[in-house]
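Observations on chain architecture
What follows is the residue order along each chain.
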Amino acid sequence: MSGKKGLDLLRTIATVMTKTNGYDRCLQQLVMVSGGDGKCMAEFKVQEEHLNRAGGLHGGFTATIVDVVTTYALMTKENAVPGVSVDIHVSYLKGARQGDEVIIDASTVRAGRNLAFLECELRHKKDNSVIAKASHTKYVGSN
């Protein structure tokens, strides 16, 4: 699934997932930019609720973004299921502050019968510098 169909699917998934009183509502600021064929690109502006006590983008929020946006990327693959996380690894390379615009670029490296391997980068929109790089492994097999 590519192009407009992929982006439409991502926007629908994001809307359904964030219209909740649960934890996923913290992602309502994410805007889906493009997607399809195992990829998803989104962006958001860092808001006060995304900050840690030191005034930087919270590492836990960054990990949540990785979890969710890589799953969205996976969902654009043919016959994909969201699966469950087996491993998430995030390397924090640079900070982001309130008001910064952030691009999230996620892709499916490989989706097999049981495991899916995904990658993600968060970058500053203004200069494309990398905020965080991540890998995410999901179990997607049947019971």
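Residues numbered from 1 in each chain as written. Predicted model: local features only at pLDDT ≥ 70, side-chain atom pairs only at ≥ 80, totals over all residues. Heavy atoms only, no water.

Going by the annotation in an unreviewed UniProt entry, the name recorded for the protein chain is Thioesterase domain-containing protein, with Anopheles dirus given as the source organism. The UniProt entry for the protein chain carries this comment under Sequence similarities (unreviewed entry): "Belongs to the thioesterase PaaI family." (UniProt positions renumbered as here; feature names shortened; annotations may be inferred.)

Describing a nonpolar patch on the surface
Together, Val86, Val109, Leu115 and Phe117 give the surface a local cluster of nonpolar side chains, amounting to about 320 Å² of exposed area. One can find Phe117 in strand E5 (residues 115–124). (Patch = residues over 30% accessible without salt bridge, like charges linked within 9 Å, V, L, I, M, F, W, Y side chains within 5 Å. Areas by Shrake-Rupley, 256 points an atom, 1.4 Å probe, with all protein chains shown as cover. Salt bridge = Lys/Arg side-chain N within 4 Å of Asp/Glu carboxyl O. Helix = DSSP H or I, 4+ residues; strand = E, 2+ residues; numbered from the N terminus.)

Points about the sheet that holds strand E2 (residues 39–45)
Read across the open sheet, the six strands follow the order E1-E2-E4-E5-E6-E3; overall the sheet is antiparallel. Bordering the open sheet on either side are strand E1 (31–36) and strand E3 (84–92), each of which pairs with just one other strand. When strand polarity is set aside, the average angle formed by the axes of neighbouring strands in this sheet is 15°. Direction of pairing for E1 relative to E2: antiparallel, over a ladder of five bridges. Within E2, the position partnered with Met32 by the bridge is Ala42. (Pairing = 2+ DSSP bridges. Axes fitted to C-alpha atoms, helices over the stretch in contact; angles between N-to-C directions.)

Details of the nonpolar core
The biggest cluster of nonpolar side chains holds 28 residues, and the ones touching the most others in it are Met32, Phe44, Ile65, Ile104 and Leu122. When contributions to this core are tallied by element, the ones reaching two or more residues are helix H1 (3–18), E2, helix H2 (59–75), strand E4 (101–111), E5 and strand E6 (130–139). Looking at this core, the element that brings in the most residues is H2, giving seven residues. (Core = buried A, V, L, I, M, F, W, Y, C linked by side-chain atoms within 4.5 Å. Buried < 20%, exposed > 50% of the residue type's maximum accessible area, 1.4 Å probe, protein only.)

Brief notes about H2
Between the first and last C-alpha of H2 there are 24 Å, a value that for 17 residues agrees with the 24 Å anticipated at 1.5 Å per step. The element H2 is largely enclosed, with a buried count of twelve among its 17 residues. (Expected span 1.5 Å × (residues − 1).)

Some points on unusual backbone geometry
For residues that are not glycine, phi is negative in most cases, and the peptide bond is trans in most cases. A positive phi angle, near 50°, is found at Asp37, a position not held by glycine. Along the chain, the position of Asp37 falls in the loop between E1 and E2. The class of Asp37 is partly exposed, set by a relative accessible area of 49%. Its identity as a non-glycine residue notwithstanding, Asn128 has a phi of 65°, on the positive side. Mapping Asn128 onto the fold places it in the loop between E5 and E6. With a relative accessible area of 46%, Asn128 lands in the partly exposed category.

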